[in-house]
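Reading the structure
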Amino acid sequence: MKQSVRESAIRTFEIVRAVGRVTFLEIIRDKVLYNIAVISFLLLGAGILASRLAILKQDRVILDFGLTALTLSCMLVAVLCGAGMLGREFDRRTVYVALSRPVSRLQFVAGKFAGLAAVVALNWLLLAAAYIALLALAAHGGFGQLAGGTFFCALFLVLAQALMAGALAVFFSSFTTTSLAVVFTAGVWIIGSNVSQLRWLAVKTGGGLGGALDVLALMIPNFEYFNLGLKVTYGVPVTWLYMTASLAYAVFVVLLAVLLAGMLARGKEG
Amino acid sequence: MRRCPARASAASNTSTPLLPLPAACTTLADTAMPNMLEVEKVDQHFRCGFLMRRTQVLHAVELRVPAKSIFGFLGPNGAGKTTLITLIAGLRKPSSGVIKVGGHDATGTAARMKTGYLPERPYFHDHLTGEGLLKYVGTLSGMSRPKILARIPKVLSLVGLTEARRVELRKYSKGMLQRIGIAQAILHDPEFLVLDEPMSGLDPLGRKEMRELIVGLAAGGRTIFFSSHIITDVEAICDNVAVINKGRMIGCGPIGEFLSKGPVKTEIAFAGVDAAAARGIDGLEQVREMPDGIRALVPGQEAVGRALTQLLDLKARILWVNPVRPSLEEIFEQPAGGRRAP
């Protein structure tokens with residue numbers, strides 16, 4: 001029994017790795033990825049220009065611009081590449097080659113997500129390295145002062161929220177079109193980044209609508225956990241407990257979205 | 001999201017059997033041979049359109065394919081061939097009925113390990129090389145890495161793609177894509193091969209190569225089930241066929257029996273006689289002047305001898321006499337059992 005479970009786990013790992021590798025290579029060749037990367041580097045550069053216009057706290061402007069560029073870039077890669085992934089496989093029927101083998105749809109979807117996650121992580125790594133290099137070169141007040149523990153925590157949380165968004169894009173793509181999956185994921189991200197405002201609105205509104213807004217705030221993935229905001233700007237420390245809880249939350253949302261995508265993909269033509 | 005099958009959706013309930021259908025459509029006389037494929041009372045429907053209306057695509061399909069045979073699956077475009085094949089390949093479960101491959105449920109792991117599948121118009125990730133694709137599908141098939149590496153040169157050699165193994169699939173021709181499709185289907189050495197329109201879009205040379213490849217694979221003891229809407233492809237390599245139209249099995253048996261049901265015509269080509277004289281010969285139809293002589297059609301076998309005698313009397317030089325195979329559509333249009341198919 002134990003042996004069989006182990007063999008099954010190894011087999012699943014092999015399938016996820018194989019599908020993930022092919023997906024990674026497929027996305028890496030996509031021109032959209034390079035367009036996003038160029039825009040992101042331009043945004044990083046724009047941070048330096050914007051800092052020249054500021055009278056005070058020039059380093060903080062570079063810091064904020066950079067973090068925004070990194071977040072936008074990782075989110076765009078995750079959403080735009082993730083939303084079309086499953087639909088393209090089914091439309092082009094490349095999925096037939098995989099699903100006619102002893103491969104479950106859940107294993108296949110998990111593999112697709114693994115490939116997407118690898119691309120998002122690579123994009124994050126390159127941009128974060130460029131961002132850190134830029135800070136080291138351009139910061140007047142010294143790199144150490146600007147980029148403390150909170151800064152690095154914020155970088156990891158950007159990756160975590162991008163992976164969450166990618167998983168949601170894959171989930172939406174399992175039952176709708178690419179463009180709608182982009183719209184749905186972007187909508188969830190925007191609302192999920194403003195959950196506290198949603199709760200405030202629920203209190204203000206009251207009644208049935210207030211209750212509905214409360215339920216929405218409860219159900220929607222909370223992206224606020226991944227936005228350290230002014231804590232980064234002013235170097236306010238973040239606890240390990242907060243980081244652990246946020247990352248565990250991201251893992252939960254990712255697993256749930258991939259599991260649901262795997263179940264919904266069963267009904268797709270194929 | 002879900003594609004509605006365009007023509008099969010128009011399935012009517014009035015298809016006429018071309019040949020009497022046995023209780024289960026088993027085609028080989030040697031019934032001692034175990035069945036590799038068993039399809040029992042399979043229905044398939046899809047929901048499509050804004051109102052998600054139910055459209056039935058397959059109607060109580062029954063079929064048995066004996067092991068180690070080459071079995072042709074004929075039907076016009078939109079008849080439901082690909083739908084049934086996706087069910088046989090285990091890509092989805094039928095709405096009702098049972099499909100077993102080698103005694104196992106078609107969607108289960110055991111059946112899929114036994115099956116190799118070439119989809120219609122195979123699409124692969126075109127950024128992969130031929131070798132890369134085979135490594136990918138080998139892993140998905142549960143093969144160990146040493147086994148994959150040992151098997152790849154063999155299958156590439158078998159399909160004649162050894163030289164192109166490191167070329168990206170985007171640079172492959174249509175024929176090469178079909179052959180790499182066969183290679184990925186046989187990589188894990190399956191007992192049962194399901195080939196959906198393997199000759200679709202190939203030129204005559206490509207079709208010939210594909211036919212030889214299929215015959216070679218069958219010689220290795222595999223059971224081959226392949227679909228086509230072109231009779232000559234099936235006729236060349238299959239002894240037995242099943243015919244489907246509008247989602248219903250309408251016939252099952254040796255290919256010769258189907259062809260004998262169609263209109264029998266013979267083309268005669270000759271020279272040394274002018275067209276006006278040729279038109280006067282009894283039994284000659286559709287007389288056409290060609291640069292090398294005249295061609296004409298003779299309906300029915302018994303008229304051929306009379307037409308040839310008259311031509312020889314006129315001192316005509318006979319270039320060739322060829323039977324003209326009826327198309328699938330012509331066969332479907334023939335009356336069967338005294339009734340005309342609607």
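How each quantity is defined
- Residues numbered from 1 in each chain as written.
- Chains lettered and ligands numbered in written order.
- Predicted model: local features only at pLDDT ≥ 70, side-chain atom pairs only at ≥ 80, totals over all residues.
- Heavy atoms only, no water.
- Phe/Tyr/Trp six-rings, centres within 6.5 Å; stacked < 30°, edge-to-face > 60°.
- Buried < 20%, exposed > 50% of the residue type's maximum accessible area, 1.4 Å probe, protein only.
- Pairing = 2+ DSSP bridges.
- Helix = DSSP H or I, 4+ residues; strand = E, 2+ residues; numbered from the N terminus.
- Axes fitted to C-alpha atoms, helices over the stretch in contact; angles between N-to-C directions.
- Contact = heavy atoms within 4.5 Å.
- pLDDT = per-residue confidence, 0-100.
- Salt bridge = Lys/Arg side-chain N within 4 Å of Asp/Glu carboxyl O.

Residues and elements named next belong to chain A. On inspection of all chains with the given rule, the structure shows twelve aromatic pairs over all chains. Ring centres of F171 and F172 lie 5.1 Å apart, and the angle between their planes is 55 degrees; this geometry places the pair in the tilted category. Overall, the relative accessible area of 16% leaves F171 in the buried class. Between F172 and F175, the aromatic rings sit 6.0 Å apart at their centres with planes inclined by 65 degrees, giving edge-to-face as the arrangement. A residue is classified by how much of its surface remains accessible, and F172, at 12% relative accessible area, is buried.

Here we take up the sheet that holds strand β11 (residues 265-271) of chain B. Residue and element names in this part refer to chain B. With antiparallel pairing, the four strands of this open sheet are ordered in space as β12-β13-β11-β14. Two strands in the sheet have a free side with no partner beyond their single neighbour: β12 (285-290) and β14 (317-324). Strand-to-strand, the axes of this sheet are offset by a mean angle of 20 degrees, without reference to chain direction. Of the pairings in the sheet, the one linking β11 to β14 comprises seven bridges and is antiparallel in character. When the bridges of β14 are listed, I268 appears paired with V321. Sitting on the sheet, helix α10 (residues 302-313) touches β11, β13 (293-299) and β14, and the angle it makes with β11 is about 10 degrees.

Here we take up the sheet that holds strand β1 (residues 35-48) of chain B. Residues and elements named next belong to chain B. Overall, antiparallel pairing links the four strands, which are arranged β2-β1-β4-β5 in an open sheet. Single-partner strands in this sheet number two, and they are β2 (53-66) and β5 (104-105). Examined bridge by bridge, strand β4 (residues 96-101) and β5 share two bridges and lie antiparallel to one another. Looking at β5, one finds that K100 is bridged to D105.

On to the confidence of the model for chain B. All names here are of chain B. For chain B, per-residue confidence averages 82 on the pLDDT scale, and residues scoring 70 or more make up 84% of the total. No element of chain B has a lower mean pLDDT than strand β16 (residues 339-340), at 35, and none a higher one than helix α3 (residues 130-140), at 95. Within the model, pLDDT remains below 50 along residues 1-17, and this stretch shows 45 contacts once partners closer than five positions in the same chain are excluded. Taken together, the chains of this predicted complex give a pTM of 0.82 and an interface ipTM of 0.86.

Residues and elements named next belong to chain B. In terms of residue burial, strand β9 (residues 240-245) counts as a mostly covered element, since six of its six residues are buried. Covered by surrounding structure in β9 are N240, A242 and I244 together with V241, V243 and N245, the residues of both alternating faces. Of the strand pairs in this sheet, strand β3 (residues 70-74) and β9 are connected by four bridges, and their pairing is parallel. Pairing of F73 across the sheet is with A242, part of β9. The pairing of β9 with strand β10 (residues 248-254) spans six bridges and is antiparallel. Bridge assignment links N240 to a residue of β10, and that residue is P254. Adjacent in sequence and paired antiparallel, β9 and β10 are bridged by two residues, among which K246 carries a positive phi angle near 50 degrees.

All names here are of chain B. All chains considered together, the criterion is met by 19 salt bridges over all chains. Across the pair R170 and D126 runs a salt bridge, and its minimum N-O distance is 3.7 Å. Placement of R170 in the loop between α4 (145-159) and α5 (174-186) and of D126 in the loop between β6 (115-118) and α3 is noted, with a sequence separation of 44 residues between them. The exposure class of D126 is partly exposed, given its relative accessible area of 31%. The partner of D189 in a salt bridge is R222, with the nearest N and O atoms 2.8 Å apart. Taken together, the positions of D189 in the loop between α5 and β7 (192-196) and R222 in the loop between α6 (204-219) and β8 (223-228) put the pair 33 residues apart, joining distant regions of the chain. The exposure class of D189 is partly exposed, given its relative accessible area of 48%. Overall, R222 belongs to the buried group, its relative accessible area being 11%.

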